[in-house]
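# Architecture at a glance
Residues per chain are reported as follows:
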Amino acid sequence: GAGVSQTPSNKVTEKGKYVELRCDPISGHTALYWYRQSLGQGPEFLIYFQGTGAADDSGLPNDRFFAVRPEGSVSTLKIQRTERGDSAVYLCASSLRGQLAYEQFFGPGTRLTVL
Amino acid sequence: GQQVMQIPQYQHVQEGEDFTTYCNSSTTLSNIQWYKQRPGGHPVFLIQLVKSGEVKKQKRLTFQFGEAKKNSSLHITATQTTDVGTYFCAGWMGSARQLTFGSGTQLTVLP
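## A few points about the overall build of chain B
Looking only at helices and strands, chain B has zero helices and eleven strands in total. Secondary structure elements in chain B, listed N-terminal to C-terminal, are β-β-β-β-β-β-β-β-β-β-β. When the backbone C-alpha atoms are referred to their principal axes, chain B occupies close to 45 × 25 × 20 Å. Here chain B holds 111 residues, and 47% of them are scored as buried. The long-range share in chain B, meaning contacts at least 24 apart out of those at least 6 apart in sequence, stands at 55%. Roughly 5400 Å² of accessible area belongs to chain B as shown, and the carbon and sulfur atoms make up 50% of that amount.

## What to know about the pattern of salt bridges
Residue and element names in this part refer to chain A. Within the structure shown, the criterion is met by six salt bridges over all chains. Taking the shortest distance from any N to any O, the salt bridge between R22 and D24 comes out at 3.7 Å. Overall, R22 belongs to the partly exposed group, its relative accessible area being 39%. Here D24 falls in the partly exposed class, since its relative accessible area comes to 26%.

## Things to note about the interface of chain B and chain A
Taken together, the 17 residues of chain B in the interface contact 22 residues of chain A. When chain B packs against chain A, the two sides together hide about 1600 Å² of surface, and 54% of this comes from carbon and sulfur. Taken together, the connections running from chain B to chain A amount to zero salt bridges. Taken together, chain B and chain A are joined by six residue pairs in polar contact (both at pLDDT 80 or more). Every element with two or more residues in the side of chain B that touches chain A is listed here: strand 4 (31-37), strand 5 (44-49), strand 9 (85-92) and strand 10 (99-101) of chain B.

## Looking at the layout of surface pockets
Volume-wise, the largest pocket comes out at about 640 Å³. Every residue lining the largest pocket is counted, 32 residues in all, and those nearest its centre are Q37, L39 and G40 of chain A together with Q37 and G40 of chain B. Secondary structure elements with two or more residues in the lining of the largest pocket: strand 9 (88-95) and strand 11 (110-114) of chain A together with strand 9 and strand 11 (105-110) of chain B. In terms of residue count, the dominant contributor to the lining of the largest pocket is strand 11 of chain B (four residues). Along the lines of polarity and charge, the residues of the lining of the largest pocket split into ten nonpolar, 20 polar and two charged. For the second largest pocket, the lining is made up of 19 residues, of which G42, P43 and E44 of chain A together with T100 and F101 of chain B are closest to its centre. Here the element with the most residues in the lining of the second largest pocket is strand 10 of chain B; it accounts for three residues. Grouping the constituent residues of the lining of the second largest pocket by class yields six nonpolar, eleven polar and two charged.

## A short note on the side chain of R36 of chain A
Within the secondary structure layout, R36 of chain A lies in strand 4 (residues 31-37). Discounting residues that sit within four places of it in the chain, R36 of chain A has contacts with G42, P43, E44, L46, P61, F65, G85, D86, A88, V89 and Y90 of chain A.

## Some points on the sheet that holds strand 1 (residues 5-7) of chain A
All names here are of chain A. Strand order across the open sheet formed by four strands is 1-3-8-7, with antiparallel pairing between neighbours. In the strand order of this sheet, the two ends are held by strand 1 and strand 7 (65-68), each with one partner. Here the strands of the sheet are splayed against their neighbours by 15° on average, with no regard to which way each runs. Pairing of strand 1 with strand 3 (residues 19-24), which is carried by three bridges, proceeds in the antiparallel orientation.

## Here we look at the side chain of Q37 of chain A
The residue Q37 of chain A is located in strand 4 in this model. At 2.9 Å, the side chain of Q37 of chain A forms a polar contact with the backbone oxygen of Q41 of chain A. A distance of 2.9 Å separates a polar atom in the side chain of Q37 of chain A from a polar atom in the side chain of Q37 of chain B. Setting aside its immediate chain neighbours within four residues, Q37 of chain A contacts G42, P43, A88, V89 and L91 of chain A together with Q37 and F88 of chain B.

Each value, and the rule that gives it
Residues numbered from 1 in each chain as written. Chains lettered and ligands numbered in written order. Predicted model: local features only at pLDDT ≥ 70, side-chain atom pairs only at ≥ 80, totals over all residues. Heavy atoms only, no water. Helix = DSSP H or I, 4+ residues; strand = E, 2+ residues; numbered from the N terminus. Buried < 20%, exposed > 50% of the residue type's maximum accessible area, 1.4 Å probe, protein only. Contact = heavy atoms within 4.5 Å. Areas by Shrake-Rupley, 256 points an atom, 1.4 Å probe, with all protein chains shown as cover. Salt bridge = Lys/Arg side-chain N within 4 Å of Asp/Glu carboxyl O. Buried area = accessible area lost by both parts, 1.4 Å probe. Polar contact = N/O pair within 3.5 Å; in protein donor to acceptor, adjacent residues only side chain to side chain. 1 Å grid on protein atoms, 1.4 Å probe; cavity = no way out; pocket = protein on both sides within 12 Å on 5 of 7 lines; lining within 4 Å. Points joined across faces, edges and corners; volume = space filled by probe spheres on them. Nonpolar A, V, L, I, M, F, W, Y, C, P; charged D, E, K, R; others polar. Pairing = 2+ DSSP bridges. Axes fitted to C-alpha atoms, helices over the stretch in contact; angles between N-to-C directions.

What follows is the structure in structure tokens.
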């Protein structure tokens, strides 16, 4: 079946611009996670959705970052006033349930470059 | 804050040699998961360990969870070129609802 998909695969933007990154999880997965991965590092947690609500957004670095999942399926990560330090690969993952016993399925990621 | 450390950061082995990566947490883990990320790819789940002292095997891969549930290891016997990639451990800590990843061990297998 279809895995987790993310669009766009690459995004180049200028400092100060607004960007939206989209994640389409595996059908039926109630939990959705956003991570950020810099070169040579492990994925860094940003936010976790259980259904439509953000159950844990403690990883969002500041108020320029916001994410939504209005219908409990597709999620959008929004970054305002982008900075060069926001450049990274943004990974989305989904799991059947939002509990520690479940494996996470990752999408291919969106590579964001802020010039 | 909560941290998961992994060593070594890089490992080059000759094909057929063994490989081990170690994972240590600053706090007790509820469970630990291992993921593999091929160059240019995304993390792919390998296994989950839950019980203190648990050992699980997948063909040439052996995973261990420490007695104190603060450390774990992944051992690969007789590496093959298909084992190339970065191996990450990731731990769930207590009541946290997030997975904390280690920094990974990048394995290179020389033919």
